[in-house]
Amino acid sequence: MDIIPATGLDLPPLTRFVVITFVLLFLPRVTERLRIPGVVAFIIAGVVVGPHGLGVMPRHAEAANFIAELGKLLLMFFVGLEIDLQQFKAARRRSLAFGLTTFALPMAAGMAVGFAFGYGAISAILIGSLMASHTLVAYPIIQKAGLVSRPSVTVTVGATILTDMLSLLVLAVCLTTHQTGFDIAALALQLGELAALIAIAVVGLGYAGKWLFDRFGNTENGAFTLMLLSVAAMSSIAELMKLEGILGAFLAGLAVNAVVRKSPAKEKLEFLGDAFFIPAFFLVTGFLIDLKLFAATILDNAPLVLAVVLGLLASKWLAAEIVGRRWGFSATDRGLMGSLTMPQVAATLAAALVGYQAVNAAGVRLIDERMLNTILVLVVVSSVLGPVLTERFVRTLPGKKDAPAGLPPQAVPVSADGTPA
């Protein structure tokens, strides 16, 4: 199902490429002057040049969609690649605790909204899972500020593994139950596939990646190609298992982390991703947004939209406050945790479209068009507000580079898991 109508200017492909490249070239300078997060600006630009705006890009923009898909995968790959595994291992209990909290509270809020607005149990559970996951779209802001090793950031990134895995598992169970009824064997199969994917990434790609990089990665070109191969291979395996490709890309980054972390080819791939592919992903996300439909959804279903948006913001903020205060994190660190887990983009949008397409024997959709449009509103609001807040919290920090030995900016000694010593 394609939610983009058949509109667009009759422009040659090369002309479209010129327009998009012009946007990618000059928009970062505009965002710097206006102090707008780049993520927000690219989504807005996507609305303007997309099928619902000027129509520079047509409905079936296969090339743009492919580039955006690769950008989405590279974004998650870089997240896995940037994780300090030693610090992550030390903070794994904290990441697990925060992951469960920032999953459970939005999940409960989403289910409550679903039941309150007349949705059935399976649909309400899916709505909860859509709100429980998150996409680290503001992570480039953290990278630029040099805060990737900050304890609160490490814990939040680690929590992303759990929230996305649980959300995708809930989606799979809801789909199977809606279409064929509850089946314990299908649930066991999904759990087995998830465990197999992790094993393939951590064990298979971990050892194979080291062997391949030792043999073929001694040149920058070879290392560059192997990194792209690892992203594509793990994402393809995940999709073959009926899991999201972004999960495979993230695990690929974790698997080859130690091998390529200091490779010059890694910097080149990051440059290419940051300059072209990742901005393209945000541009294409903007293509989905029809401002007329966006406004109509808000007006016609204002109570539902407010309940979903406020439920997400409140639950994500509450999760960060609960765990952040428990570990003695500063207000700024708690704000970073909340703002990083707020955006609902890649996994949420993909899962919502899958849920809308799922029809049971009676012809009933798992989620209806009203909820799909509401999720689009949620994607826009959260993907704009999350990076804006992240940028704001980053600016309040006294130092924007990683503190040695995991020291937070207030120079209070902390233990390896990020808690005050």
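What you see is a predicted model, and the numbers here were worked out from it, not measured in a lab. (Residues numbered from 1 in each chain as written. Predicted model: local features only at pLDDT ≥ 70, side-chain atom pairs only at ≥ 80, totals over all residues. Heavy atoms only, no water.)

This part covers the overall build of the chain. Tallying secondary structure elements over the chain gives 18 helices and zero strands in all. The proportion of buried residues among the 421 residues of the chain is 54%. For the chain, the proportion of contacts with a sequence separation of at least 24, taken over those separated by at least 6, is 80%. By element, 68% of the accessible surface of the chain is carried by carbon and sulfur atoms, the whole surface being about 18200 Å². (Helix = DSSP H or I, 4+ residues; strand = E, 2+ residues; numbered from the N terminus. Buried < 20%, exposed > 50% of the residue type's maximum accessible area, 1.4 Å probe, protein only. Contact = heavy atoms within 4.5 Å. Areas by Shrake-Rupley, 256 points an atom, 1.4 Å probe, with all protein chains shown as cover.)

Phe77, Ile142, Leu197 and Phe282 are the most contacted members of the largest nonpolar core, which has 78 residues in total. A total of 10 residues in this core trace back to one element, the largest contributor, which is helix H3 (residues 62-82). Discounting chain neighbours no more than four positions away, the residues touching Phe282 are Val39, Phe42, Ile43, Leu75 and Val137. Core analysis: the next-biggest nonpolar cluster, separate from the first, contains 36 residues, Met131, Leu171, Val308 and Leu312 among them. (Core = buried A, V, L, I, M, F, W, Y, C linked by side-chain atoms within 4.5 Å.)

What follows deals with the pattern of salt bridges. Evaluated as defined, the whole model comprises five salt bridges. For Lys72, the salt bridge is made with Glu69, and the minimal N-O distance between the two is 3.2 Å. Here Glu69 and Lys72 lie together in helix H3, a separation of three residues that amounts to about one turn. Residue Arg334 is joined to Glu321 by a salt bridge in which the shortest nitrogen-to-oxygen separation is 3.1 Å. Residue Arg334 is found in helix H16 (residues 331-340), and its partner Glu321 is found in helix H15 (residues 302-326); the two are separated by 13 residues along the sequence. Looking at Glu321, the relative accessible area reads 12%, which means it is buried. Several salt bridges converge on common partners, so that one network encompasses Glu321, Arg325 and Arg334. (Salt bridge = Lys/Arg side-chain N within 4 Å of Asp/Glu carboxyl O.)

Turning next to the side chain of Ser129. Take Ser129: it is sitting in helix H6 (residues 121-132). Each residue touching Ser129, except ones within four places of it in the same chain, is listed here: Met107, Ser167 and Val170.

When the terminal C-alpha atoms of helix H13 (residues 264-287) are compared, their 34 Å separation across 24 residues agrees well with the 34 Å that a helix rising 1.5 Å per residue should span. For H13, the principal kink sits at Asp274 and spans about 50°. (Expected span 1.5 Å × (residues − 1). Bend = angle between axes of the 7 residues up to and from the residue.)

Topologically, Ile246 is positioned in helix H11 (residues 245-255). Taking the C-alpha atoms as reference, Ile246 lies 8.0 Å from Phe77; in sequence the two are 169 residues apart.

This part is about the packing of H6 against helix H8 (residues 151-180). Interhelical geometry of H6 versus H8 gives an angle of 160° and a closest axis separation of 9 Å. Between H6 and H8, the interaxial angle falls into the category roughly antiparallel. Crossing hand, H6 versus H8: left-handed. Touching Ile122, Ile125, Leu126, Ser129 and Ala132 of H6 are Thr163, Ser167, Val170, Leu171, Cys174, Thr177 and His178, all from H8. Looking at the contact of H6 with H8 residue by residue, the classes come out as seven nonpolar, five polar and no charged. (Axes fitted to C-alpha atoms, helices over the stretch in contact; angles between N-to-C directions. Parallel < 35°, antiparallel > 145°, perpendicular 65-115°, else oblique. Left-handed = near helix turned anticlockwise from the far one by under 90°. Nonpolar A, V, L, I, M, F, W, Y, C, P; charged D, E, K, R; others polar.)

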